[in-house]
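# Architecture at a glance
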Amino acid sequence: MIRAVEASQAVSAPVLAAYRYCETVTGQQARNFAYGIRLLPTPERRAMSALYAFSRRVDDIGDGELPGAVKVERLEDTRALLGRVQAGAVEEDDTDPVAVALAHASGVFPIPLGGLDELIDGVQMDLRGATYETWDDLKVYCRCVAGAIGRLSLGVFGTEPGARGVERAPEYADTLGLALQLTNILRDVREDAEGGRTYLPADDLAKFGCSAGFAGPTPPEGSDFAGLVHFEVRRARALFAEGYRLLPMLDRRSGACVAAMAGIYRRLLDRIERDPEAVLRGRVSLPGREKAYVAVRGLSGLDTRHVSRHTLRGRA
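Residues numbered from 1 in each chain as written. Predicted model: local features only at pLDDT ≥ 70, side-chain atom pairs only at ≥ 80, totals over all residues. Heavy atoms only, no water.

A separate point is the overall build of the protein chain. Looking only at helices and strands, the protein chain has 15 helices and zero strands in total. Seen through its principal axes, the protein chain has C-alpha atoms that stretch 60 × 55 × 35 Å. A buried classification covers 51% of the 316 residues belonging to the protein chain. Restricting the contact set of the protein chain to residue pairs at least 6 apart, pairs at least 24 apart contribute 74%. Of the roughly 14,400 Å² of accessible surface on the protein chain, a fraction of 50% belongs to carbon and sulfur atoms. The average position of the 41 basic charges and that of the 43 acidic charges among the side chains of the protein chain differ by 8 Å. (Helix = DSSP H or I, 4+ residues; strand = E, 2+ residues; numbered from the N terminus. Buried < 20%, exposed > 50% of the residue type's maximum accessible area, 1.4 Å probe, protein only. Contact = heavy atoms within 4.5 Å. Areas by Shrake-Rupley, 256 points an atom, 1.4 Å probe, with all protein chains shown as cover. Lys, Arg positive; Asp, Glu negative; His and termini not counted. Charge placed at Lys NZ, Arg CZ, Asp CG, Glu CD.)

For Gln124, the position within the fold is in helix α6 (residues 114-127). When sequence neighbours within four positions are dropped, the list of residues in contact with Gln124 reads Leu75, Glu76 and Arg79.

So, on to the packing of aromatic side chains. Taken as a whole and judged by the stated rule, the model has six aromatic pairs. Aromatic side chains Tyr141 and Tyr199 sit 5.2 Å apart centroid to centroid with 25° between the ring planes, which places their arrangement in the stacked category. Here the residue Tyr141 occupies a position in helix α7 (residues 135-157), and Tyr199 occupies one in the loop between α9 (189-194) and α10 (202-207), the gap between them amounting to 58 residues. Taking the relative accessible area as the measure of exposure, Tyr141 reaches 4% and is therefore buried. (Phe/Tyr/Trp six-rings, centres within 6.5 Å; stacked < 30°, edge-to-face > 60°.)

We now examine the environment of Arg128. Inspection of the secondary structure puts Arg128 in the loop between α6 and α7. Of the residues examined, Arg128 reaches a relative accessible area of 60% and is grouped as exposed. Considering only alpha carbons, one finds Arg128 and Val72, 56 residues apart in sequence, at a separation of 9.8 Å.

A separate point is the packing of helix α4 (residues 68-86) against α6. Where α4 contacts α6, the two axes come as close as 10 Å, and the packing angle between them is 175°. Between α4 and α6, the interaxial angle falls into the category roughly antiparallel. Side by side, α4 and α6 meet where Lys71, Val72, Leu75, Glu76, Thr78, Arg79, Leu82 and Gln86 of the first sit next to Gly114, Leu116, Asp117, Ile120, Asp121, Val123, Gln124 and Leu127 of the second. Partitioning the contact of α4 with α6 into residue classes produces seven nonpolar, four polar and five charged. (Axes fitted to C-alpha atoms, helices over the stretch in contact; angles between N-to-C directions. Parallel < 35°, antiparallel > 145°, perpendicular 65-115°, else oblique. Nonpolar A, V, L, I, M, F, W, Y, C, P; charged D, E, K, R; others polar.)

Inspection of the entire model under this criterion finds 26 salt bridges. The partner of Arg283 in a salt bridge is Glu191, and the shortest N-O contact between them spans 3.3 Å. Note that Arg283 is positioned in the loop between α13 (278-281) and α14 (288-300) and Glu191 in helix α9, a separation of 92 residues in sequence. Of the charged contacts, one joins Arg237 and Asp270 as a salt bridge, the two residues approaching to 2.8 Å between their closest N and O atoms. Residue Arg237 is located in helix α11 (residues 225-243), and its partner Asp270 is located in helix α12 (residues 252-274); the two are separated by 33 residues in the primary sequence. (Salt bridge = Lys/Arg side-chain N within 4 Å of Asp/Glu carboxyl O.)

At a minimum axis distance of 9 Å, the contact between α4 and helix α5 (residues 97-108) shows a crossing angle of 40°. Judged by the inter-axis angle, α4 sits oblique to α5. Two packed elements cross with a definite hand, and for α4 against α5 that hand is right-handed. In this structure, α4 contributes Leu81, Leu82 and Val85 to the contact, and α5 contributes Ala99, Leu102, Ala103 and Ser106. (Left-handed = near helix turned anticlockwise from the far one by under 90°.)

With respect to the secondary-structure elements, Ser254 resides in helix α12. Residue class for Ser254 comes out buried when judged on its relative accessible area of 1%. Each C-alpha atom of the pair Ser254 and Leu205 lies 37 Å from the other, and the pair is 49 residues apart in sequence.

A few words on α6. Compared with the 20 Å implied by 1.5 Å per residue over 14 residues, the 20 Å span of α6 between its first and last C-alpha is a close match. Of the positions making up α6, those classed as buried are Gly115, Leu116, Leu119, Ile120, Gly122, Val123, Gln124, Met125 and Asp126. On the buried face of α6, the contacting elements are α3 (42-63), α4, α5 and α7. Where α6 terminates, the next one or two residues include Gly129, which has phi positive at roughly 75°. (Expected span 1.5 Å × (residues − 1).)

Next up on the list: the state of the cysteines. Per the stated rule, a full pass over the model turns up zero disulfides. Between Cys22, a free cysteine, and Cys257, which holds the nearest cysteine sulfur, the sulfur-to-sulfur gap is 16 Å. The thiol of Cys210 is unpaired, and the distance to the nearest cysteine sulfur, on Cys142, comes to 18 Å. (Disulfide = S-S within 2.5 Å.)

A word on the nonpolar core. By size, the foremost hydrophobic cluster in this structure holds 98 residues, and its most contacted members are Leu116 and Phe240. It is α7 that contributes the most residues to this core, 11 residues altogether. Apart from residues no more than four positions distant in its own chain, Phe240 is found in contact with Leu176, Ala179, Leu180, Thr183, Ala262, Tyr265, Arg266 and Leu269. (Core = buried A, V, L, I, M, F, W, Y, C linked by side-chain atoms within 4.5 Å.)

Moving on to the confidence of the model for the protein chain. Looking at the protein chain as a whole, its pLDDT mean stands at 90, while 91% of the residues score no less than 70. Confidence drops under pLDDT 50 across residues 2-8; counting only partners more than four residues distant or on other chains, this segment forms 16 contacts. Within the model, the stretch residues 311-316 combines pLDDT values under 50 with three contacts to residues more than four positions away or in other chains. (pLDDT = per-residue confidence, 0-100.)

And the structure:
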(Lines give C-alpha, C1' and ligand atoms only; values in the text may rest on other atoms or scores of the structure.)
Protein backbone atom coordinates (compact mmCIF):
# COMPACT_ATOMS: atom_id res chain seq x y z
CA MET A 1 0.00 0.00 0.00
CA ILE A 2 1.90 3.06 -1.18
CA ARG A 3 0.76 6.61 -0.58
CA ALA A 4 -1.86 6.79 -3.29
CA VAL A 5 -2.77 10.46 -3.22
CA GLU A 6 -1.21 13.87 -2.87
CA ALA A 7 -2.84 15.40 0.19
CA SER A 8 -1.86 19.05 -0.21
CA GLN A 9 -5.06 20.18 -1.97
CA ALA A 10 -6.96 23.21 -0.66
CA VAL A 11 -9.57 22.61 2.03
CA SER A 12 -12.87 24.53 2.05
CA ALA A 13 -13.95 26.59 5.05
CA PRO A 14 -16.68 24.12 6.21
CA VAL A 15 -14.30 21.17 5.99
CA LEU A 16 -11.55 23.11 7.74
CA ALA A 17 -13.98 23.94 10.57
CA ALA A 18 -14.92 20.26 10.81
CA TYR A 19 -11.27 19.25 11.06
CA ARG A 20 -10.67 21.88 13.75
CA TYR A 21 -13.52 20.41 15.77
CA CYS A 22 -11.99 16.92 15.48
CA GLU A 23 -8.55 18.23 16.42
CA THR A 24 -10.05 19.87 19.51
CA VAL A 25 -11.69 16.59 20.54
CA THR A 26 -8.39 14.77 20.01
CA GLY A 27 -6.34 17.31 21.93
CA GLN A 28 -8.72 17.25 24.89
CA GLN A 29 -9.36 13.53 25.17
CA ALA A 30 -6.47 11.61 23.58
CA ARG A 31 -3.37 12.33 25.62
CA ASN A 32 -1.16 9.55 24.25
CA PHE A 33 -2.60 9.58 20.72
CA ALA A 34 -2.20 13.35 20.46
CA TYR A 35 1.52 13.12 21.25
CA GLY A 36 2.00 10.89 18.23
CA ILE A 37 -0.10 12.62 15.60
CA ARG A 38 1.38 16.05 16.27
CA LEU A 39 4.47 14.72 14.45
CA LEU A 40 2.51 14.28 11.20
CA PRO A 41 2.14 16.73 8.29
CA THR A 42 -1.10 18.73 8.44
CA PRO A 43 -3.25 16.63 6.05
CA GLU A 44 -2.36 13.38 7.80
CA ARG A 45 -2.81 14.93 11.25
CA ARG A 46 -6.27 16.17 10.30
CA ALA A 47 -7.27 12.79 8.90
CA MET A 48 -6.08 11.00 12.04
CA SER A 49 -8.04 13.47 14.17
CA ALA A 50 -11.18 12.68 12.17
CA LEU A 51 -10.63 8.96 12.75
CA TYR A 52 -10.06 9.57 16.45
CA ALA A 53 -13.17 11.76 16.84
CA PHE A 54 -15.39 9.12 15.24
CA SER A 55 -13.79 6.36 17.32
CA ARG A 56 -14.19 8.46 20.48
CA ARG A 57 -17.89 8.84 19.76
CA VAL A 58 -18.27 5.06 19.49
CA ASP A 59 -16.29 4.48 22.70
CA ASP A 60 -18.25 7.13 24.61
CA ILE A 61 -21.52 5.43 23.73
CA GLY A 62 -20.20 2.14 25.08
CA ASP A 63 -18.71 3.68 28.24
CA GLY A 64 -21.54 6.11 29.00
CA GLU A 65 -24.35 5.96 31.55
CA LEU A 66 -27.23 5.43 29.13
CA PRO A 67 -29.43 2.32 29.42
CA GLY A 68 -28.18 -0.63 27.40
CA ALA A 69 -31.04 -0.50 24.89
CA VAL A 70 -30.35 3.17 24.20
CA LYS A 71 -26.65 2.43 23.70
CA VAL A 72 -27.51 -0.25 21.15
CA GLU A 73 -29.72 2.22 19.31
CA ARG A 74 -27.03 4.93 19.37
CA LEU A 75 -24.44 2.50 18.00
CA GLU A 76 -26.74 1.56 15.14
CA ASP A 77 -27.30 5.26 14.41
CA THR A 78 -23.53 5.70 14.34
CA ARG A 79 -23.17 2.73 12.01
CA ALA A 80 -25.77 4.29 9.72
CA LEU A 81 -23.78 7.55 9.73
CA LEU A 82 -20.67 5.61 8.77
CA GLY A 83 -22.67 4.06 5.94
CA ARG A 84 -23.47 7.56 4.67
CA VAL A 85 -19.78 8.46 4.75
CA GLN A 86 -18.88 5.27 2.88
CA ALA A 87 -21.56 5.99 0.28
CA GLY A 88 -20.29 9.53 -0.33
CA ALA A 89 -23.60 10.95 0.94
CA VAL A 90 -22.19 13.49 3.43
CA GLU A 91 -22.09 17.05 2.10
CA GLU A 92 -19.70 19.75 3.29
CA ASP A 93 -22.57 21.66 4.94
CA ASP A 94 -23.73 18.64 6.96
CA THR A 95 -24.42 19.52 10.60
CA ASP A 96 -22.17 16.73 11.94
CA PRO A 97 -18.54 17.95 11.86
CA VAL A 98 -17.11 14.48 12.51
CA ALA A 99 -18.95 13.09 9.50
CA VAL A 100 -17.79 16.00 7.34
CA ALA A 101 -14.16 15.59 8.36
CA LEU A 102 -14.22 11.79 7.99
CA ALA A 103 -15.86 12.03 4.57
CA HIS A 104 -13.19 14.46 3.38
CA ALA A 105 -10.34 12.42 4.85
CA SER A 106 -11.58 9.22 3.20
CA GLY A 107 -11.71 11.06 -0.12
CA VAL A 108 -8.09 12.16 0.24
CA PHE A 109 -6.59 8.98 1.71
CA PRO A 110 -7.37 5.31 0.96
CA ILE A 111 -8.78 4.66 4.44
CA PRO A 112 -10.44 1.22 4.86
CA LEU A 113 -13.53 2.56 6.61
CA GLY A 114 -14.80 -0.95 7.28
CA GLY A 115 -12.42 -0.87 10.24
CA LEU A 116 -14.82 1.54 11.96
CA ASP A 117 -17.59 -1.03 11.50
CA GLU A 118 -15.31 -3.46 13.33
CA LEU A 119 -14.87 -0.95 16.14
CA ILE A 120 -18.64 -0.74 16.54
CA ASP A 121 -18.76 -4.56 16.59
CA GLY A 122 -16.21 -4.53 19.42
CA VAL A 123 -18.19 -2.08 21.52
CA GLN A 124 -21.30 -4.19 20.97
CA MET A 125 -19.33 -7.12 22.40
CA ASP A 126 -18.82 -5.02 25.53
CA LEU A 127 -22.53 -4.27 25.74
CA ARG A 128 -23.32 -7.98 25.54
CA GLY A 129 -20.96 -8.56 28.48
CA ALA A 130 -18.65 -10.79 26.46
CA THR A 131 -15.93 -12.61 28.38
CA TYR A 132 -12.92 -14.42 26.95
CA GLU A 133 -11.82 -17.93 27.80
CA THR A 134 -8.53 -17.90 25.89
CA TRP A 135 -6.10 -15.47 24.31
CA ASP A 136 -7.43 -16.49 20.89
CA ASP A 137 -10.89 -15.38 22.03
CA LEU A 138 -9.58 -12.07 23.36
CA LYS A 139 -7.69 -11.43 20.11
CA VAL A 140 -11.01 -11.24 18.24
CA TYR A 141 -12.10 -8.38 20.50
CA CYS A 142 -8.70 -6.66 20.38
CA ARG A 143 -8.67 -6.79 16.59
CA CYS A 144 -12.06 -5.06 16.52
CA VAL A 145 -11.25 -2.22 18.90
CA ALA A 146 -7.52 -1.74 18.25
CA GLY A 147 -6.19 -3.79 15.36
CA ALA A 148 -8.76 -2.13 13.12
CA ILE A 149 -7.50 1.29 14.23
CA GLY A 150 -3.98 0.25 13.20
CA ARG A 151 -5.21 -0.69 9.73
CA LEU A 152 -7.25 2.52 9.43
CA SER A 153 -4.18 4.54 10.38
CA LEU A 154 -2.10 2.74 7.79
CA GLY A 155 -4.56 4.00 5.19
CA VAL A 156 -3.55 7.55 6.16
CA PHE A 157 0.16 6.84 6.46
CA GLY A 158 0.63 4.77 3.32
CA THR A 159 3.87 2.89 2.81
CA GLU A 160 7.16 3.82 1.20
CA PRO A 161 7.61 2.71 -2.42
CA GLY A 162 10.02 -0.22 -2.63
CA ALA A 163 9.80 -1.07 1.08
CA ARG A 164 10.55 -4.74 1.75
CA GLY A 165 7.70 -7.00 2.78
CA VAL A 166 5.15 -4.23 2.31
CA GLU A 167 2.38 -6.72 1.61
CA ARG A 168 2.46 -7.55 5.33
CA ALA A 169 2.07 -3.93 6.46
CA PRO A 170 -1.65 -4.30 7.37
CA GLU A 171 -0.81 -7.41 9.41
CA TYR A 172 1.90 -5.55 11.33
CA ALA A 173 -0.38 -2.53 11.89
CA ASP A 174 -3.04 -4.89 13.26
CA THR A 175 -0.53 -6.61 15.57
CA LEU A 176 0.72 -3.29 16.91
CA GLY A 177 -2.89 -2.42 17.72
CA LEU A 178 -3.19 -5.66 19.68
CA ALA A 179 -0.05 -4.77 21.64
CA LEU A 180 -1.46 -1.38 22.58
CA GLN A 181 -4.81 -2.85 23.55
CA LEU A 182 -3.32 -5.56 25.76
CA THR A 183 -1.29 -2.83 27.51
CA ASN A 184 -4.52 -0.88 28.01
CA ILE A 185 -6.20 -3.96 29.47
CA LEU A 186 -3.39 -4.41 31.99
CA ARG A 187 -3.38 -0.73 32.92
CA ASP A 188 -7.17 -0.60 33.39
CA VAL A 189 -7.74 -3.96 35.08
CA ARG A 190 -9.09 -2.43 38.31
CA GLU A 191 -11.18 0.23 36.54
CA ASP A 192 -12.70 -2.38 34.24
CA ALA A 193 -13.45 -4.68 37.18
CA GLU A 194 -15.31 -1.87 38.93
CA GLY A 195 -17.36 -1.46 35.74
CA GLY A 196 -18.19 -5.16 35.70
CA ARG A 197 -15.83 -6.04 32.85
CA THR A 198 -13.11 -8.67 32.70
CA TYR A 199 -10.92 -8.81 29.61
CA LEU A 200 -7.96 -10.98 30.59
CA PRO A 201 -8.53 -14.57 29.43
CA ALA A 202 -10.23 -16.82 31.99
CA ASP A 203 -7.59 -19.49 31.33
CA ASP A 204 -4.83 -17.07 32.37
CA LEU A 205 -6.73 -15.89 35.45
CA ALA A 206 -7.23 -19.49 36.60
CA LYS A 207 -3.58 -20.39 35.97
CA PHE A 208 -2.42 -17.67 38.37
CA GLY A 209 -5.20 -17.99 40.95
CA CYS A 210 -6.88 -14.73 39.97
CA SER A 211 -10.34 -15.98 38.94
CA ALA A 212 -11.91 -14.09 41.87
CA GLY A 213 -11.29 -10.82 40.02
CA PHE A 214 -9.87 -7.45 41.01
CA ALA A 215 -12.45 -5.59 43.05
CA GLY A 216 -9.96 -4.01 45.46
CA PRO A 217 -6.49 -2.45 45.69
CA THR A 218 -4.84 -5.77 46.56
CA PRO A 219 -4.65 -9.03 44.60
CA PRO A 220 -7.00 -11.95 45.34
CA GLU A 221 -5.84 -13.86 48.41
CA GLY A 222 -3.41 -16.65 47.56
CA SER A 223 -3.00 -15.54 43.95
CA ASP A 224 0.16 -14.98 41.96
CA PHE A 225 -0.92 -11.62 40.59
CA ALA A 226 2.64 -10.57 39.74
CA GLY A 227 3.05 -13.81 37.79
CA LEU A 228 -0.14 -13.04 35.83
CA VAL A 229 1.01 -9.52 35.00
CA HIS A 230 4.49 -10.64 33.95
CA PHE A 231 2.95 -13.36 31.76
CA GLU A 232 0.75 -10.81 29.96
CA VAL A 233 3.63 -8.33 29.71
CA ARG A 234 5.70 -10.93 27.87
CA ARG A 235 2.80 -11.51 25.50
CA ALA A 236 2.48 -7.78 24.85
CA ARG A 237 6.22 -7.42 24.27
CA ALA A 238 6.12 -10.18 21.65
CA LEU A 239 3.27 -8.34 19.91
CA PHE A 240 5.22 -5.07 19.98
CA ALA A 241 8.29 -6.79 18.52
CA GLU A 242 6.23 -8.16 15.63
CA GLY A 243 4.25 -4.97 15.07
CA TYR A 244 7.37 -2.80 15.04
CA ARG A 245 8.29 -4.42 11.73
CA LEU A 246 5.90 -1.87 10.25
CA LEU A 247 8.22 1.07 11.04
CA PRO A 248 10.75 0.69 8.18
CA MET A 249 7.83 0.58 5.73
CA LEU A 250 6.65 4.09 6.64
CA ASP A 251 7.96 7.51 5.72
CA ARG A 252 9.96 9.37 8.37
CA ARG A 253 7.12 11.35 9.96
CA SER A 254 4.56 8.55 9.86
CA GLY A 255 7.17 6.24 11.38
CA ALA A 256 7.84 8.85 14.06
CA CYS A 257 4.13 9.05 14.85
CA VAL A 258 3.81 5.28 15.23
CA ALA A 259 7.06 4.99 17.19
CA ALA A 260 5.93 7.74 19.57
CA MET A 261 2.53 6.21 20.28
CA ALA A 262 3.90 2.69 20.61
CA GLY A 263 6.87 3.94 22.64
CA ILE A 264 4.58 5.56 25.21
CA TYR A 265 2.71 2.30 25.68
CA ARG A 266 5.93 0.27 25.88
CA ARG A 267 7.09 2.53 28.70
CA LEU A 268 3.75 2.04 30.44
CA LEU A 269 4.37 -1.67 30.12
CA ASP A 270 7.80 -1.22 31.74
CA ARG A 271 6.22 0.55 34.70
CA ILE A 272 3.55 -2.11 35.09
CA GLU A 273 6.20 -4.84 34.96
CA ARG A 274 8.27 -3.16 37.69
CA ASP A 275 5.29 -2.75 40.04
CA PRO A 276 2.43 -5.04 39.01
CA GLU A 277 0.15 -4.12 41.91
CA ALA A 278 0.23 -0.46 40.88
CA VAL A 279 -2.57 -1.18 38.40
CA LEU A 280 -4.80 -2.16 41.34
CA ARG A 281 -4.10 1.08 43.20
CA GLY A 282 -4.80 3.51 40.34
CA ARG A 283 -4.10 4.34 36.73
CA VAL A 284 -0.45 4.03 35.68
CA SER A 285 0.64 6.90 33.43
CA LEU A 286 3.71 8.69 32.13
CA PRO A 287 4.60 12.32 32.93
CA GLY A 288 4.45 14.77 30.04
CA ARG A 289 8.23 15.20 29.87
CA GLU A 290 8.68 11.45 29.36
CA LYS A 291 6.08 11.43 26.58
CA ALA A 292 7.90 14.34 24.94
CA TYR A 293 11.16 12.39 25.11
CA VAL A 294 9.52 9.40 23.43
CA ALA A 295 8.17 11.69 20.69
CA VAL A 296 11.63 13.15 20.05
CA ARG A 297 13.11 9.67 19.97
CA GLY A 298 10.51 8.65 17.40
CA LEU A 299 11.21 11.69 15.24
CA SER A 300 14.93 10.92 15.35
CA GLY A 301 14.27 7.55 13.71
CA LEU A 302 16.14 5.57 16.40
CA ASP A 303 13.41 2.95 16.73
CA THR A 304 13.01 2.58 12.98
CA ARG A 305 16.75 2.07 12.48
CA HIS A 306 16.85 -0.44 15.33
CA VAL A 307 14.01 -2.46 13.80
CA SER A 308 15.59 -2.27 10.33
CA ARG A 309 18.89 -3.66 11.62
CA HIS A 310 17.20 -6.56 13.39
CA THR A 311 15.01 -7.31 10.38
CA LEU A 312 18.01 -7.47 8.09
CA ARG A 313 19.85 -9.75 10.54
CA GLY A 314 16.82 -12.03 10.60
CA ARG A 315 17.01 -12.38 6.81
CA ALA A 316 20.76 -13.04 6.79
